[in-house]
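One-letter residues, chain by chain:
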Protein chains: 2
Amino acid sequence: MNYSVSEENYIKAIFHLQGDSGNVTTNDLAAALHTRPASVTDMMKKLKAKKLISYQPYYGFKLSAEGRKTALGIVRRHRLWEYFLAEKLNFDWEDVHEVAEHLEHVSSKKLIDKLDEYLGFPKFDPHGDPIPDSAGHMESDARNMLSETEAHQMVTVAYVSNQSKEMLALLKHRKIRIGTKLEIIKKFSFDQSLEIKPKNQQAFSISETLAKNIFVTHEQ
Amino acid sequence: MNYSVSEENYIKAIFHLQGDSGNVTTNDLAAALHTRPASVTDMMKKLKAKKLISYQPYYGFKLSAEGRKTALGIVRRHRLWEYFLAEKLNFDWEDVHEVAEHLEHVSSKKLIDKLDEYLGFPKFDPHGDPIPDSAGHMESDARNMLSETEAHQMVTVAYVSNQSKEMLALLKHRKIRIGTKLEIIKKFSFDQSLEIKPKNQQAFSISETLAKNIFVTHEQ
DNA sequence: ATAAAATTTTAGGCAAATCTAAAAAATATT
DNA sequence: AATATTTTTTAGATTTGCCTAAAATTTTAT
Ligand SMILES: [Mn+2]
Ligand SMILES: [Mn+2]
Ligand SMILES: [Mn+2]
Ligand SMILES: [Mn+2]
């Protein structure tokens, strides 16, 4: 019911790594947590004993129903704190993650539910990621990769998939954030770069690399 | 420069225990932290090696200048979070301590300074304890024990020295909190009980035991 | 189908933080 | 001053979480 900081970091990392296949490997998890494969194997034994994952030695692991529920709780805390830091404390977009990485481990349910209420039950964090509600449910709206969106469309930035400091620094410089409305002026097939024009800004071009990491919605 | 949760809890406990004499004993610290004397001795060796305390085996210990500075930082975080929980998240007075006990260990300076600013640089926490500023300075205003205050005076509750659940439950029932203004109607020498009348409330009597744990200011 | 390479696990060790039981030292009592 | 009591420290274990090096297993290449 109550897990250590280390256990929580492992659970959350597995949650983020298991995409559709649902299976995570020892090496991948070690890389994600900047730790050694041997340490991962140790922890997997413990999480299996606690029934948070199913684990076949040599064949990877996946969260159990209980593990997933636990992961959603941690993600909820992380994203609510990110929202708080950005909205209330005026943190820059790119700085919220590091602090939330620690705040997420303060696991008082009462604290988080009251924080959620205080913030007005936000649905998305500052990076556009959905915030699970207290029952573990979250929005999953249809988003399209900016690089695959047709020209001459007005879209709204909803999510950025790469959240490295470098990426966020670039977005900040370009004044692109979650909620920014922009028009796709032209697409160049030579290098797949795009000319875009954010509302109330001059048009400029962005690389394919960047466009592949920005997700947009069309509605409205 | 950066200390473990356990080290921080020890440092803070020493800070609270060392009154005027300035010297804390192994048994007292063990009792305060619900741990064993042997564990305290182990940790004292470590804190001494890190120059946070001066420590003479068998003769107790006290914080060094560096240790005191560190302790003030932890106390600052603790009390700012208590203020946040009470003022912004509407926590009951008696519930803030437990959660702050964990939040205090998230030690980002930027986070705490921005939180302080967001809260409007409060000078006292919900229990009336002074909050150190980012340089470690705090108010130390003249407070008097309610039991030793003359009758027919209008005073303001500024601090409660006993912060047990039982005490806070009684104060809550009596609707007495930090900032409550009240008049001392009469003092009974038989049992040292007091008749008091909070503003906008009926008069009632309180025991000497309670009156010895309530501190008040006269100004204004 | 073997051999080579990559991945994962096991074995053994280490540091932090705790504990119990025994020894040592300080303090109090006669 | 000697003895008893209390306090504190030391010795030796235990648990958690991590590591390196070696062994086991799976996967890939020939
Ligand atoms: Mn974390
Ligand atoms: Mn985020
Ligand atoms: Mn604490
Ligand atoms: Mn307090």
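Along every chain, residues carry numbers that run from 1 in the direction the sequence is written. Labels follow written order: the first chain is A, the first ligand is 1, and so on. Where local features are concerned, this predicted model is filtered to residues with pLDDT of at least 70; where side-chain atom pairs are given and counted, the filter is 80 or more; whole-chain, interface and lining totals use all residues. As a rule here, side-chain values cover all heavy atoms of the structure and leave hydrogens and water aside.

S.K.: Before we go on, may I ask you to explain the environment of Trp93 of chain A in this structure?
M.R.: Relative to the elements of secondary structure, Trp93 of chain A occurs in the loop between α4 (65–87) and α5 (96–103). Counting of polar contacts relies on pairs of N or O atoms within 3.5 Å, with two restrictions inside protein: one atom must be capable of donating a hydrogen and the other of accepting it, and residues adjacent in sequence are counted only when both atoms are side-chain atoms. A distance of 2.2 Å separates a polar atom in the side chain of Trp93 of chain A from the backbone oxygen of Pro126 of chain A. Strands are runs of DSSP state E lasting at least two residues, helices are runs of H or I lasting at least four, and both sets are numbered from the N terminus onward.

S.K.: Help me out: how do you make sense of the coordination of the manganese ion (ligand 4) in this one?
M.R.: Metal coordination angles have textbook ideals: 109.5 degrees for a tetrahedral set of four donors and 90 or 180 degrees for an octahedral set of six. Residues and elements named next belong to chain B. With water excluded from the atoms, a metal site may look incomplete; its donors are any N, O or S atoms within 2.8 Å, or within 3.2 Å for Na, K and Ca. Taken together, the protein ligands of the manganese ion (ligand 4) are Glu82 (OE), Asp125 (OD) and His127 (ND1), with distances of 2.1 to 2.3 Å. Summarised as a motif, the one-chain spacing of the donors to the manganese ion (ligand 4) is E-x42-D-x1-H. A simple rule labels every residue: compare its accessible area, found with a 1.4 Å probe on the protein chains alone, to the largest value its type can have, and call it buried under 20%, exposed over 50%, or partly exposed in between. Given a relative accessible area of 2%, His127 falls into the buried group.

S.K.: I'm lost on the pattern of salt bridges in this one. Help?
M.R.: Where charged atoms of side chains with opposite charge meet at close range, the side chains can pair. All names here are of chain A. Salt bridge, as used here: a side-chain nitrogen of Lys or Arg that lies within 4 Å of a carboxyl oxygen of Asp or Glu. The full count for this structure, using the stated rule, is 26 salt bridges over all chains. Here Arg77 and Glu8 are joined by a salt bridge, their closest N and O atoms 2.9 Å apart. One end of the pair, Arg77, is in helix α4; the other, Glu8, is in helix α1 (residues 5–17), and 69 residues separate them in sequence. Per residue, the accessibility class of Arg77 equals that of Glu8, and both read buried.

S.K.: Help me understand the domain arrangement of chain A in this model?
M.R.: Split by domain assignment, chain A resolves into domain 1 (5–63) and domain 2 (144–218). On a C-alpha basis, the centroid separation for the pair domain 1 of chain A and domain 2 of chain A is 34 Å. An automatic or database domain assignment supplies the residue ranges for each domain.

S.K.: Which parts of the structure should I look at to understand the protein's contact with DNA strand D?
M.R.: Neighbouring residues are identified by heavy atoms, a residue being near a molecule or strand if any of them is within 4 Å of it. Looking at DNA strand D, there are 21 residues lining it, with Ser4, Ser39 and Lys46 of chain A together with Thr41 and Tyr55 of chain B nearest. At a separation of 3.2 Å, a base nitrogen of DNA strand D approaches a polar side-chain atom of Asp42 of chain A. At 3.0 Å from a phosphate oxygen of DNA strand D is found a side-chain nitrogen or oxygen belonging to Lys45 of chain B. Those elements that provide at least two residues to the surface near DNA strand D are α1 and α3 (37–49) of chain A together with α2 (26–32) and α3 (37–49) of chain B. For this scheme, ten residues count as nonpolar: Ala, Val, Leu, Ile, Met, Phe, Trp, Tyr, Cys and Pro. Four count as charged, namely Asp, Glu, Lys and Arg, and the remainder, Gly too, count as polar. Grouping the amino acids of the surface near DNA strand D by side-chain chemistry returns nine nonpolar, eight polar and four charged.

S.K.: Teacher, can you tell me more about the coordination of the manganese ion (ligand 3) here?
M.R.: Residue and element names in this part refer to chain B. Asn9 (OD1), Glu101 (O), Glu101 (OE), Glu104 (OE) and His105 (NE2) make up the full set of protein donors to the manganese ion (ligand 3), lying at 2.1 to 2.5 Å. Site description for the manganese ion (ligand 3): donor spacing in sequence, N-x91-E-x2-E-H. Take Glu104 and His105: they sit in the same class, and that class is buried.

S.K.: Teacher, can you tell me more about the environment of Tyr10 of chain A here?
M.R.: With respect to the helices, strands and loops of the structure, Tyr10 of chain A is situated in helix α1. Contact criterion: two residues are considered in contact whenever any of their non-hydrogen atoms come within 4.5 Å of each other. Once residues within four sequence positions are removed from consideration, Tyr10 of chain A is found in contact with Leu29, Leu33, Thr35, Ser39, Val40, Met43, Met44 and Leu47 of chain A.

S.K.: What should I look at first to understand the protein's contact with DNA strand C in this one?
M.R.: In the vicinity of DNA strand C lie 21 residues, with Thr41 and Tyr55 of chain A together with Ser4, Ser39 and Lys46 of chain B positioned nearest. Only α2 (26–32) and α3 of chain A together with α1 (5–17) and α3 of chain B provide two or more residues apiece to the surface near DNA strand C. Residues belonging to the surface near DNA strand C are distributed by class as follows: nine nonpolar, eight polar and four charged.

S.K.: I keep staring at the pairing of strand β4 (residues 154–160) of chain A and nothing clicks. Help me out?
M.R.: For a regular strand, the rule is simple: side chains alternate between the two faces of the sheet. Residues and elements named next belong to chain A. Most of β4 sits inside the fold, with six of its seven residues counted as buried. Strands pair, by our definition, only if DSSP identifies at least two bridges between them. Where β4 and strand β5 (residues 181–187) come together, three bridges link them in antiparallel fashion. Across the sheet, the residue bridging to Met154 is Glu183, located in β5. Pairing of β4 with strand β8 (residues 214–217), which is carried by four bridges, proceeds in the antiparallel orientation. The partner of Val157 across the bridge, within β8, is Val216.

S.K.: Looking at this structure, how should I read the side chain of Ser193 of chain A?
M.R.: Residues and elements named next belong to chain A. Locating Ser193 in the fold gives a position in the loop between β5 and β6 (194–198). For Ser193, a relative accessible area of 11% translates into the label buried. A polar contact is formed between the side chain of Ser193 and the side chain of Asp191, at a distance of 2.8 Å.

S.K.: Help me understand the side chain of Asp129 of chain A, please; the structure alone is not making it clear to me.
M.R.: All names here are of chain A. Looking at the element boundaries, Asp129 is found in the loop between α6 (109–119) and β3 (144–145). Residues counted as positive are Lys and Arg, residues counted as negative are Asp and Glu, and His and the chain ends are not counted. It turns out Asp129 is buried and unbridged, and the closest side chain with the opposite charge, Arg79, is 4.2 Å from it. Within the structure, the side chain of Asp129 is placed 2.9 Å from the side chain of Gln163, a separation counted as a polar contact. Among all residues touching Asp129, those that are not within four sequence positions of it are Arg79, Lys123, Phe124, Tyr159 and Gln163.

S.K.: So what exactly am I meant to see when it comes to the layout of surface pockets here?
M.R.: Two kinds of site are reported from a 1 Å grid over the protein atoms alone, namely cavities, where a 1.4 Å probe fits but cannot get out, and pockets, open sets with protein on both sides within 12 Å along at least five of seven lines, and residues are called lining when an atom falls within 4 Å of a point. Grid points are joined across faces, edges and corners, and a volume is the space filled by probe spheres set on the points. In this structure, the largest pocket occupies an estimated 1,100 Å³ of space. At the level of secondary structure, the elements contributing two or more residues to the lining of the largest pocket comprise α1, α4 (65–87), α5 (96–103) and α7 (165–173) of chain B. Considering every element that reaches the lining of the largest pocket, the biggest residue donor is α1 of chain B, with seven residues. Residue classes in the lining of the largest pocket are distributed as 11 nonpolar, 12 polar and 13 charged. Taken domain by domain, the makeup of the lining of the largest pocket includes at least three residues from each of domain 1 (5–63) and domain 2 (144–218) of chain B. What lines the second largest pocket is a set of 32 residues, and nearest its centre among them are His102, His105 and Val106 of chain A together with His102 and Val106 of chain B. Here the residues of the lining of the second largest pocket are counted per class, giving 10 nonpolar, 12 polar and 10 charged.

S.K.: Even after reading the chapter, I still don't get the sheet that holds β4 of chain A, so can you show me in this structure?
M.R.: Across a sheet, strands are paired by hydrogen bonds formed along the backbone, either parallel or antiparallel in direction. All names here are of chain A. Pairing within the open sheet is antiparallel, and its six strands lie in the order β3-β8-β4-β5-β6-β7. Pairing within the sheet leaves two strands with one partner each, and these edge strands are β3 and β7 (204–206). As paired elements, β6 and β7 share three bridges and run antiparallel to each other. Along β7, the bridge assignment pairs Leu194 with Ile206.

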